[in-house]
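# Summary of the model geometry
Each chain is listed here by its residues.
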Amino acid sequence: GINAEYMGLISQGMSLTIINGANIVARNAIKKLAPLFKSIKVCDYKPYRPSVYKLFQELEGKGAKLEKVMTTNTPSLERAMEGADKALYFTHDYFYLAPEKIKMIRVTASIAKKMGVKQLICICPIEYTHYSELRLSPFDTRIDSETKAMHVYPEMTLLRPNIIFGEESYNIRYLIQSLLAGRVIYPRLKDCGLQKYYPIHMNDVVQCIVHALSNDHIKGLEYAIRGENSITYDGILNVLAKHTENIHWEKCKRSITAGWLEKFFVGETHDKNLMQMIEWHERERQNFKNDWCYTDKFKIKQGPGFEAYYAASKANPANYAEPYLYKYKCIAIDQILTINSHIYICLLYTSDAAD
């Protein structure tokens, strides 16, 4: 529920600007934030898409005045930030324009400071990091961009969700679709049982974002948003295999070898980034328990954990028939060649309606 402290935002008539607001995490957050603000600008590289129109229709007359804003350069970002009391930045879920994506957080922080935004919160899920970065490790690249952003806006808050699950999620939903299609991305490793993840439900992530917007004690700090129980990538696939009734998922494993050919035709792909994320974490083995957890710090109760959530039901293939991939989220060439023709067409040539 939304408590009285949050509802107080309405009487203050505050405006909110959301950078990369068309992505799946942002759209879920907007559903909860609409009743709390006078106006919300949804800024994105591609804001004019069916998923955003659908969201706006759903929220019509339910609070904030919603506005779509295309942001493709610094001047457009400045116009989007003008007059905003608070701002949210979401790491986007594309990898096609990764160099621009990496520096976006620094540019956002600089403009937010310049335009006098009172609070800036950056939500950076671990699965949206660009793991195909060649110059530095993905961790170093992320730290470099976030440090520069903090330098120009010291009061900025960072929230870093672990792998997000739920009906509307990113990699987890995609893995379910993959298992139903009879193929699943798996790194070029013997097994993936070293790195422990702490999956968190989308609703819990959104709850933390809403809470953070009314929290003046988090400025200049960084928090993880993680689930209570750990699980490996193999464990994730085992849980989802039972959920999809694909108990022989190990026979569906596919890795990516196309390399330069794939990059030439489709750029950095969703599949490649997923595989390299798993490979990188298996090598580096980050301890996500070392980070302050937002739900622990502020006593926010979480919903069902990952295993309990998917054990409670079986996947309905009809709910996953619509491709989740958008035009810039191409699957890898190697994967295309392993899928039969009608699924190949469905996944490769997605329409705008797929998002």
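Residues numbered from 1 in each chain as written. Predicted model: local features only at pLDDT ≥ 70, side-chain atom pairs only at ≥ 80, totals over all residues. Heavy atoms only, no water.

## A word on the nonpolar core
- Formed by 43 residues in total, the largest nonpolar core has its most connected members in Leu33 and Leu88.
- Elements with a minimum of two residues in this core: strand 1 (15–19), helix 2 (24–33), strand 2 (39–44), helix 3 (50–59), strand 4 (86–90), strand 5 (119–123), helix 8 (202–212) and strand 10 (222–225).
- Considering each element in turn, this core owes the most residues, seven residues, to helix 8.
- Beyond its immediate chain neighbours, meaning those up to four positions away, Leu88 contacts Leu16, Thr17, Ile18, Ile19, Leu33, Ile121, Ile123, Ile209 and Leu213.
- Among the nonpolar cores identified, the runner-up in size contains 35 residues, and Phe165, Tyr197, Leu237 and Met275 belong to it. (Core = buried A, V, L, I, M, F, W, Y, C linked by side-chain atoms within 4.5 Å. Buried < 20%, exposed > 50% of the residue type's maximum accessible area, 1.4 Å probe, protein only. Helix = DSSP H or I, 4+ residues; strand = E, 2+ residues; numbered from the N terminus. Contact = heavy atoms within 4.5 Å.)

## Re empty space enclosed by the protein
- What the rule picks out here adds up to three cavities of 30 Å³ or more.
- The wall of the largest cavity is formed by 16 residues, among which Thr91, Ile102, Thr129, Arg142 and Ser145 lie closest to the centre.
- Looking at the lining of the largest cavity, the elements with two or more residues in it are helix 5 (98–114) and helix 6 (138–152).
- By residue number, the principal contributor to the lining of the largest cavity is helix 6, which donates five residues.
- Looking at side-chain class alone, the lining of the largest cavity contains seven nonpolar, five polar and four charged residues. (1 Å grid on protein atoms, 1.4 Å probe; cavity = no way out; pocket = protein on both sides within 12 Å on 5 of 7 lines; lining within 4 Å. Points joined across faces, edges and corners; volume = space filled by probe spheres on them. Nonpolar A, V, L, I, M, F, W, Y, C, P; charged D, E, K, R; others polar.)

## Quick look at the sheet that holds strand 6 (residues 157–161)
- Overall, parallel pairing links the seven strands, which are arranged 3-2-1-4-5-6-10 in an open sheet. Looking at strand neighbours, the two that pair on one side only are strand 3 (65–70) and strand 10, the edges of this open sheet. Averaged over all adjacent pairs, the angle separating strand axes in this sheet is 20°, with direction ignored.
- Note that strand 2 and strand 3 share six bridges and pair parallel. Bridge assignment links Val42 to a residue of strand 3, and that residue is Lys68.
- Against the sheet, helix 2 engages strand 1, strand 2 and strand 4, with an angle of about 150° to strand 4.
- Packing against the sheet, helix 3 makes contact with strand 2 and strand 3, and its axis sits at approximately 165° to strand 3. (Pairing = 2+ DSSP bridges. Axes fitted to C-alpha atoms, helices over the stretch in contact; angles between N-to-C directions.)

## Digging into the packing of aromatic side chains
- Under the criterion given, the structure shown has 13 aromatic pairs.
- Ring centres of Tyr223 and Tyr294 lie 5.4 Å apart, and the angle between their planes is 85°; on these two criteria the pair is classed as edge-to-face. Pair noted here: Tyr223 is in strand 10 and Tyr294 is in helix 12 (residues 294–297), with a separation of 71 residues, a long-range link. Across the pair, Tyr294 and Tyr223 agree in class, each one buried.
- Taken together, Phe165, Phe306, Tyr309 and Tyr310 form an aromatic cluster joined through their ring pairs.
- Lying across the ring of Tyr153, Lys113 places its NZ or CZ 5.2 Å from the centre.
- Here Lys253 stacks its cationic end above the ring of Tyr186, 4.2 Å away from the centre of that ring. (Phe/Tyr/Trp six-rings, centres within 6.5 Å; stacked < 30°, edge-to-face > 60°. Lys NZ or Arg CZ within 6 Å of the ring centre and 35° of its normal.)

## Thoughts on helix 6
- An ideal rise of 1.5 Å per residue puts 21 Å on 15 residues; helix 6 measures up with 22 Å between its terminal C-alpha atoms.
- Within helix 6, the full set of buried residues consists of Pro138, Thr141, Arg142, Ser145, Glu146 and Ala149. Buried residues of helix 6, seen end-on, are gathered within an arc of 120° and therefore sit on one face of the element. (Expected span 1.5 Å × (residues − 1). Arc of directions from axis to C-beta.)

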